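Results of the structural survey
The residues making up each chain are set out below.
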Protein chains: 8
Amino acid sequence: MDRNIELGFANIDLERRERTGVAEVIYGAGKSADQITEIVRQMYEHGEKHVLITRVEEEKAEKVAGMLNEVDIKSNVYKEARIVVAGGNMPADGIGMIAVVTGGTSDIPVAEEAARTAEFLGNEVVRVYDVGVAGLHRLLSKVDIIREASVVIAIAGMEGALASVVGGLVSAPVIAVPTSIGYGAGFGGISALLSMLNSCASGVSVVNIDNGFGAGYQASLINHVGIRHEFT
Amino acid sequence: MDRNIELGFANIDLERRERTGVAEVIYGAGKSADQITEIVRQMYEHGEKHVLITRVEEEKAEKVAGMLNEVDIKSNVYKEARIVVAGGNMPADGIGMIAVVTGGTSDIPVAEEAARTAEFLGNEVVRVYDVGVAGLHRLLSKVDIIREASVVIAIAGMEGALASVVGGLVSAPVIAVPTSIGYGAGFGGISALLSMLNSCASGVSVVNIDNGFGAGYQASLINHVGIRHEFT
Amino acid sequence: MDRNIELGFANIDLERRERTGVAEVIYGAGKSADQITEIVRQMYEHGEKHVLITRVEEEKAEKVAGMLNEVDIKSNVYKEARIVVAGGNMPADGIGMIAVVTGGTSDIPVAEEAARTAEFLGNEVVRVYDVGVAGLHRLLSKVDIIREASVVIAIAGMEGALASVVGGLVSAPVIAVPTSIGYGAGFGGISALLSMLNSCASGVSVVNIDNGFGAGYQASLINHVGIRHEFT
Amino acid sequence: MDRNIELGFANIDLERRERTGVAEVIYGAGKSADQITEIVRQMYEHGEKHVLITRVEEEKAEKVAGMLNEVDIKSNVYKEARIVVAGGNMPADGIGMIAVVTGGTSDIPVAEEAARTAEFLGNEVVRVYDVGVAGLHRLLSKVDIIREASVVIAIAGMEGALASVVGGLVSAPVIAVPTSIGYGAGFGGISALLSMLNSCASGVSVVNIDNGFGAGYQASLINHVGIRHEFT
Amino acid sequence: MDRNIELGFANIDLERRERTGVAEVIYGAGKSADQITEIVRQMYEHGEKHVLITRVEEEKAEKVAGMLNEVDIKSNVYKEARIVVAGGNMPADGIGMIAVVTGGTSDIPVAEEAARTAEFLGNEVVRVYDVGVAGLHRLLSKVDIIREASVVIAIAGMEGALASVVGGLVSAPVIAVPTSIGYGAGFGGISALLSMLNSCASGVSVVNIDNGFGAGYQASLINHVGIRHEFT
Amino acid sequence: MDRNIELGFANIDLERRERTGVAEVIYGAGKSADQITEIVRQMYEHGEKHVLITRVEEEKAEKVAGMLNEVDIKSNVYKEARIVVAGGNMPADGIGMIAVVTGGTSDIPVAEEAARTAEFLGNEVVRVYDVGVAGLHRLLSKVDIIREASVVIAIAGMEGALASVVGGLVSAPVIAVPTSIGYGAGFGGISALLSMLNSCASGVSVVNIDNGFGAGYQASLINHVGIRHEFT
Amino acid sequence: MDRNIELGFANIDLERRERTGVAEVIYGAGKSADQITEIVRQMYEHGEKHVLITRVEEEKAEKVAGMLNEVDIKSNVYKEARIVVAGGNMPADGIGMIAVVTGGTSDIPVAEEAARTAEFLGNEVVRVYDVGVAGLHRLLSKVDIIREASVVIAIAGMEGALASVVGGLVSAPVIAVPTSIGYGAGFGGISALLSMLNSCASGVSVVNIDNGFGAGYQASLINHVGIRHEFT
Amino acid sequence: MDRNIELGFANIDLERRERTGVAEVIYGAGKSADQITEIVRQMYEHGEKHVLITRVEEEKAEKVAGMLNEVDIKSNVYKEARIVVAGGNMPADGIGMIAVVTGGTSDIPVAEEAARTAEFLGNEVVRVYDVGVAGLHRLLSKVDIIREASVVIAIAGMEGALASVVGGLVSAPVIAVPTSIGYGAGFGGISALLSMLNSCASGVSVVNIDNGFGAGYQASLINHVGIRHEFT
């Protein structure tokens, strides 16, 4: 607890980190490059060597990476995912593989946020992008790959039908992510969100609009069911 | 115009009937069996021999049929469709065939309203029911039949994904009908309605929730494009 | 596929059953006791020995159980869950245990639907009911039990805060179920639904309002990750 | 399929193109001028000579046209419609003519998107703009022209009453497009959308808010019913 | 003020009555026949001889009329309008005539509430019912009558387009009343309400859904502008 | 009609102008200063000497005024109202006076749009600004002035309670205008809009959010009831 | 904690009761008369002598009172408030008095729930009913009484303007309760709720629609600020 | 009243100030630095020595402070709270202390608005920031401090669960403030707002989204119940 008080300006829940056995996550939106760097630096001092920073736009991400480099912390910038990873990913020790599937190319930033989060948390990820249901043969040509996954993340905007179709094709749990892609009666993702909540396929649960991080995190927990468990 | 005034209590637009060359339609909800029978009887006197009555629940429908029989007007009751047809259907003279496709069995009443309306207006109809996208192999096994249609009516509740998947599989225009089937965040058909309006497939347009009649009517107009045209 | 055609009036997806290795589920709402019994009977003839029937109110459930008994099919009625199980549950072979947690006593019917579904699909379930966040000490006194679960189902109406608090206390994936319990600005579950989608805790995904079955099914898939996998 | 993989960054569904017999469409929003040009160039190499690019603002459109010119592909920029057509329109071979009708002058960009799309897809189009129902004599003075069309596209913002009035005046199918024109309780097109879905006129179906392309595409399918059909 | 206290159970604002110079109105919903009768009786004792009671269903209305008769107060029951008038209407002394126009026959109960209210408050009313915009020739055949009115009340459900069309045809102020007639995306009158608020015609203002009384009252105030004024 | 075609780019409904006997109005939003000036100039040529141009922001308004001056048309710019009047107001010949009342100072731009519109259309206007119901004594101190009006326009944002309170204080018709002033659960004017539609005071009707012009226009029609009437 | 487990079927939070020093509350909706009686009986055994039971309709309330009488527990039934009080109210020891104010007579059941709750919790209550803002003189005639209160509960449906007007008239904190009274665009209390949240008067906070209990409880806490405080 | 007329451009309710005994508040949004300064200056001339100005962004705040300095009025700028205080705070004379609690760091600007408002109005404030329910141990570690408060302000965005958890932990009244922090289905604070209105904890009332000032003001009224009372 003391360290939280020391840091003062960030919500770093160390107790939870230790309990869950996963690495640390910083929500970068609304924090300056200076603040982010300082939080990471203090974590390093306390022995935390893997840190994921989300929602950092390209320019700030590069700045953070540069400043971390100055204090000898190696980091990777994933600009499409708006993510910086300091100290590399956790070792991949999940039960199986996580498939990240999108309806269109515009959904890719959210998908990358999910994929990079899952990789950081110790999962192998396979990406199957741009297989929206309006061109069903494309999705069907990838169904074998998707069926190999132990968890599927289905990401789509507009009418969000992808989640139902994928949910009907696989026997793994599906985490659905509505995106704000679309216009008019898409209402910034509401149409896709409602579709996914009302999916006629069983085995689909849903996270917030554009919440790639949340989907990647939940998928990682599922892909480690019974593994992390013993360590807590 | 005079006849409209005579009838007094119903919206019978005879001018339009003559112009469009289609038969007459009575919206039965909120009208008594007596009122409906009297309107049909007067239409018969004025030479109108094909009348469709929609939204009549079973008991009222049987009563109307009985009363019409007493004045020597033959009629058929389609109870699942909540429809009575007096004087039989118009001859089937459309360009092609209309396919009526549903996601589930609960959507069938709306589908029957669409199908019976289209048949009444002079169209051949093929029914492909209960082929929701969660069991894609079932839909795919019927795709050849659906592709033969000149117009497709896609009817689904819950997340309404059927319209997008069907829209991607056919090259005919698709009229989508959201149904109020579902619960919770289905919001009485809003989820399906939004899905269909945001369909990622081109060639899909949408009618009101549960509006089987409207879909059958629009599909019939499409299936007679260039045919009726000459007669107006 | 042929069998589906034979049955005619129900959506029985046998192909999927074989692939997923789980038993069969019938959505009982809108089906008569006769229809349900006949579907179960035919399934038995085709070798399917475990059938779950959901959304059957007490009277219909008793009637189904009686009719099944006449054709020598043993069944159990769980009236609070509105569920009938024919042929008993699948053997419990999940990775760990599933905790079903509710905020109030009014949420119990949804919780029982989730719990009975999970038990049917081969999971051990622990019930922790009536531990809403307004009386935090009650929830905290049960935290050790909840932390033992490999998956947690958090069920709450009103403001749905339970999902966030539970999500922060455990390292297992949490499936949140908003219920329609509440009044006024609860809007039939919308308030709880939005709360759960916006949870500040990571590792929470959401199903439709009152969808206990969906939560139990998803939790079972998660609790069998990597197990069923090998059999598909 | 291979070509899709080659292109990598665009959703080009060649299988569908071949089946439907229509030319190719690129959704330009979110793609750079470079990306668009490269997609068109590769299509040309594969023998596709008619390409429609939608949602390209003026500056990007001019840039695309210039770059296409450099690789000897002739194109036209329709700036009000935010459309670029490469290789010219398809030959006009529809059953009849498509009328595009708007309520106000502010609806014209959406109308032009519809009209240019329909022309590209092989249809004759007549434009009847600025005939909103508040000045009924203006609409009535054009009714003969509109009645000649085999399909009518009715485009309006604010209260969207145009669709109902036009629907009552013609016997052709009407595709209604709500626009986001208006303010306050217009809610960015929701008022017009609801009006059109609830139209008291039969024969009206609706596409998404501001979706001129979708209306033009659907109208073209309707205007080719039974024609394209033989070729698929 | 004292009398209000005496009566105890009704909101009778005598001060306002005296100031506005109009007769008294009782909102009958939620009051028993006994309560209504007692209020009217006490009003009579205090010299108030014209009382309008709204929202009284047929059975209660007849009961009130019977009880009033016993205390020698003459009253009329208008069952379609759900109105009872005790002591007859005020003398018709308005500037001109009020036209009450409806889109369909289902809107008539709301229209009658408006018409009877206006008649009670001293206005001549002309009824033009069932002239919805889908059959424009019917509305146009009545336009001369409507143009003679000094105020127009336009009443419609579904898409509510009537208000805009009428607003464009007349130069009198139009009070628009959305009705809850319709289904699905009509949302109990919201579609019509939004249409009317967004009317492209100038000179239209709107009252609450199904508020026939409010429209009749407002129209009466307008039809007495400058007349009552002198008396206050 | 011919002149409309000549002008080409504006919705100038001359037939209506002649019928209603009021001057001309141009909706300036989305039109350039050049377009507005040209429309006004042509109107002048056709004998129309009073033109109101609404929704013109200050810079464009000044530009229009300058250009009109060059062609010898005198105009006034009312920048708070975002209005330009060419050729001066119509003579004030209404029945009485129109009171424009606002809840706060932020509502003044909408109020000025209403007031200037009413003045242009031939009405005397009294302004009573910043008398919101939270400081009731301020409103009450102005009640005598407001009661003198033949029509009252009540303008408020936030909770819009002003309309109900004013409606209860006067016997003239009240036109309520919700404004988008407020934040959070004000939802851009929805809160005020709903308040006004549900007003517990009789004699209140409502126009669109921020629609000062519509209120001024409607109030002018009311203030000329029975006057203009004879001329149509 | 043990006692909670014993009781089994009710959420009785004894720890909180002891800490807050207030008596016990049972939410009666969804509990049978038997269950309620048994909970009260056990509370009595554990020394709890004041119990409030809310949301019990008349018939059940009488049944509970009868059964309590049999086990020698005296109780009062307040049928308009849908409340039963066992063991009498707590002694009135608040700082001042609580005023409960309503807009109409239809709001009285909610008001009585608030008033009875506050009285039970040890407060003096003054009722000022039916003083809606459309008849401002009535409210103003009671303003002296209301100003004497240390807390004011303002209860209104429809447009909910009462909260703002009262908020502007007093210097005590105001707890606003929207009610579901109204129709059409009242949306079951949403209009009043939004009004109250957007109140232009400072010092107003809001509870859920129809939540009389919540308002009474909160008002009691406020009226005991600094008193109960010492005892916790 | 006269002074209000003199000032002309601001809503300064001096009568209320005198009655409530609190100092003056200016809502700074939409007012220029010049206007604000002039209002303060005139207040000073009339003897008002404590003025709070809210919703002034940093640059304007500094400008106001500079201009006040020139006329010898001392002021403090609290930039995170977007508040300027002229003449210092009122003496702290409340019953107890007010605790301001937030879920995250992003809620701090709203919290500071609440805290500075409460301090200005004569209250001691304790800040407990960033104790969201996902990290319950952090909140629990502060529970003793929070329980000492006589009023608690609970501020949270996203799912707003903090209000319920805090409400269950304390016996003081809780004023809940939803913030617009969040994204997607947070809908700009609606999710948090609904959560708080539906709180399962008693003793929670709610103000508008982001309305820190309103919460601070209401809390101050509560913290002075029975104190100010004697002076009114």
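Just above, that's the structure.
Now for a look at the structure at hand. What you are looking at is a predicted structure, and each value in this text was computed from that prediction instead of being measured. (Residues numbered from 1 in each chain as written. Chains lettered and ligands numbered in written order. Predicted model: local features only at pLDDT ≥ 70, side-chain atom pairs only at ≥ 80, totals over all residues. Heavy atoms only, no water.)

1. Regarding the relation of the copies chain C and chain H
- It takes a turn of 180° to lay chain C on chain H, together with a shift of 0.0 Å along the axis; the resulting RMSD is 0.0 Å. The superposition of one copy onto the other is thereby described by a two-fold rotation axis. Considering only C-alpha atoms, the part of chain C nearest the rotation axis is Ala 161 of chain C, at 2.4 Å.
- Comparing contact sets, 100% of the residues at the interface of chain C also lie at the interface in chain H, consistent with an isologous, same-surface contact. (Least-squares fit on C-alpha atoms with pLDDT ≥ 70 in both. Contact = heavy atoms within 4.5 Å.)

2. Observations concerning the nonpolar core
- Core analysis: the biggest nonpolar cluster contains 273 residues, and Val 152 of chain A, Val 152 of chain B, Val 152 of chain D, Val 152 of chain E, Val 152 of chain F, Val 152 of chain G together with Val 152 of chain H have the highest contact counts within it.
- Apart from the residues within four sequence positions on either side, Val 152 of chain D is in contact with Ala 99, Val 101, Ile 146, Val 166, Val 170, Ala 172, Pro 173, Val 174 and Ile 175 of chain D. (Core = buried A, V, L, I, M, F, W, Y, C linked by side-chain atoms within 4.5 Å. Buried < 20%, exposed > 50% of the residue type's maximum accessible area, 1.4 Å probe, protein only.)

3. Some details on the environment of Ala 134 of chain D
- Among the structural elements, Ala 134 of chain D can be located in the loop between strand 6 (124-128) and helix 6 (136-140).
- As for Ala 134 of chain D and Gln 42 of chain D, which are separated by 92 residues in sequence, their C-alpha atoms are 49 Å apart. (Helix = DSSP H or I, 4+ residues; strand = E, 2+ residues; numbered from the N terminus.)

4. Some points on helix 8 (residues 162-169) of chain G
- Summarising burial for helix 8 of chain G: 8 of the 8 residues are buried, a large majority.
- Listed in full, the buried residues belonging to helix 8 of chain G are Leu 162, Ala 163, Ser 164, Val 165, Val 166, Gly 167, Gly 168 and Leu 169 of chain G.

5. Here's the deal with the pattern of salt bridges
- Within the structure shown, the criterion is met by 88 salt bridges over all chains.
- Between Glu 119 of chain B and Arg 127 of chain B there is a salt bridge; the shortest N-O distance is 3.0 Å.
- One salt bridge in this structure joins Arg 116 of chain G and Glu 119 of chain G, with 3.4 Å as the shortest N-O distance. One end of the pair, Arg 116 of chain G, and the other, Glu 119 of chain G, are both in helix 5 (residues 108-120), 3 residues apart, so they sit about a helical turn from each other.
- According to the relative accessible area criterion, Arg 116 of chain G is partly exposed, its value standing at 23%.
- Ionic contacts of the salt-bridge type, sharing partners, join the residues Arg 55, Glu 57, Arg 82 and Glu 113 of chain A into one network. (Salt bridge = Lys/Arg side-chain N within 4 Å of Asp/Glu carboxyl O.)

6. Some words on unusual backbone geometry
- For Asp 72 of chain G, which is not glycine, the phi torsion reads 65° and is therefore positive.
- A positive phi angle is found at Phe 187 of chain H, which is not glycine, with a value near 50°.

7. Points about the sheet that holds strand 2 (residues 51-54) of chain E
Residues and elements named next belong to chain E.
- Spatially, 4 strands are ordered 1-2-4-3 in an open sheet, and the strand pairing comes out mixed. Looking at which strands have only one partner, the edges of the open sheet turn out to be strand 1 (24-27) and strand 3 (75-78). This sheet shows a mean twist of 15° between the axes of neighbouring strands, independent of strand direction.
- As paired strands, strand 2 and strand 4 (residues 83-86) are joined by 3 bridges and run antiparallel to one another. Considered in strand 4, the bridge of Ile 53 is made with Val 84.
- Against the sheet, helix 5 (residues 108-120) touches strand 1, strand 2, strand 3 and strand 4, its axis set at about 10° to strand 4. (Pairing = 2+ DSSP bridges. Axes fitted to C-alpha atoms, helices over the stretch in contact; angles between N-to-C directions.)

8. Section: the interface of chain C and chain H
- At the interface, 23 residues of chain C touch 23 residues of chain H.
- With both sides pooled, the region where chain C packs onto chain H buries about 1900 Å², and carbon together with sulfur makes up 69% of that total.
- The interface formed by chain C and chain H includes 0 salt bridges.
- At the boundary of chain C with chain H, the tally comes to 15 residue pairs in polar contact (both at pLDDT 80 or more).
- For the side of chain C that touches chain H, the per-class residue count stands at 15 nonpolar, 7 polar and 1 charged. (Buried area = accessible area lost by both parts, 1.4 Å probe. Polar contact = N/O pair within 3.5 Å; in protein donor to acceptor, adjacent residues only side chain to side chain. Nonpolar A, V, L, I, M, F, W, Y, C, P; charged D, E, K, R; others polar.)

9. Some thoughts on the interface of chain C and chain A
- With 36 residues of chain C in contact, the opposing surface of chain A contributes 36 residues.
- At the boundary of chain C with chain A, total buried surface from both sides reaches about 2800 Å², with 57% on carbon and sulfur atoms.
- Viewed at the interface, chain A and chain C are joined by 0 salt bridges.
- At the boundary of chain C and chain A, one finds 8 residue pairs in polar contact (both at pLDDT 80 or more).
- At the level of elements, helix 2 (14-20), helix 8 (162-169), strand 8 (174-178), helix 9 (190-197), strand 9 (204-206) and helix 10 (212-223) of chain C are the ones that each hand at least two residues to the side of chain C that touches chain A.
- The biggest single contributor to the side of chain C that touches chain A is helix 10 of chain C, with 5 residues.

10. A closer look at the packing of aromatic side chains
- Under the counting rule described, the total for this entry stands at 8 aromatic pairs over all chains.
- A ring pair is formed by Phe 213 of chain A and Tyr 217 of chain A, whose centres lie 5.7 Å apart and whose planes are at 50°; its orientation type is tilted. With a gap of 4 residues between them, Phe 213 of chain A and Tyr 217 of chain A both fall in helix 10 (residues 212-223), about one helical turn apart. Comparing Phe 213 of chain A with Tyr 217 of chain A shows no difference in burial state: the two are buried.
- When the ring centre of Tyr 183 of chain H is taken as reference, the NZ or CZ atom of Arg 55 of chain A above it lies at 4.7 Å. (Phe/Tyr/Trp six-rings, centres within 6.5 Å; stacked < 30°, edge-to-face > 60°. Lys NZ or Arg CZ within 6 Å of the ring centre and 35° of its normal.)

11. A word on the environment of Ser 195 of chain H
- Here Ser 195 of chain H lies in helix 9 (residues 190-197).
- We classify Ser 195 of chain H as buried; its relative accessible area is 0%.
- Ignoring anything within four residues of it in the chain, the contact list for Ser 195 of chain H reads Glu 159, Ser 191 and Ser 195 of chain C together with Glu 159 and Gly 160 of chain H.

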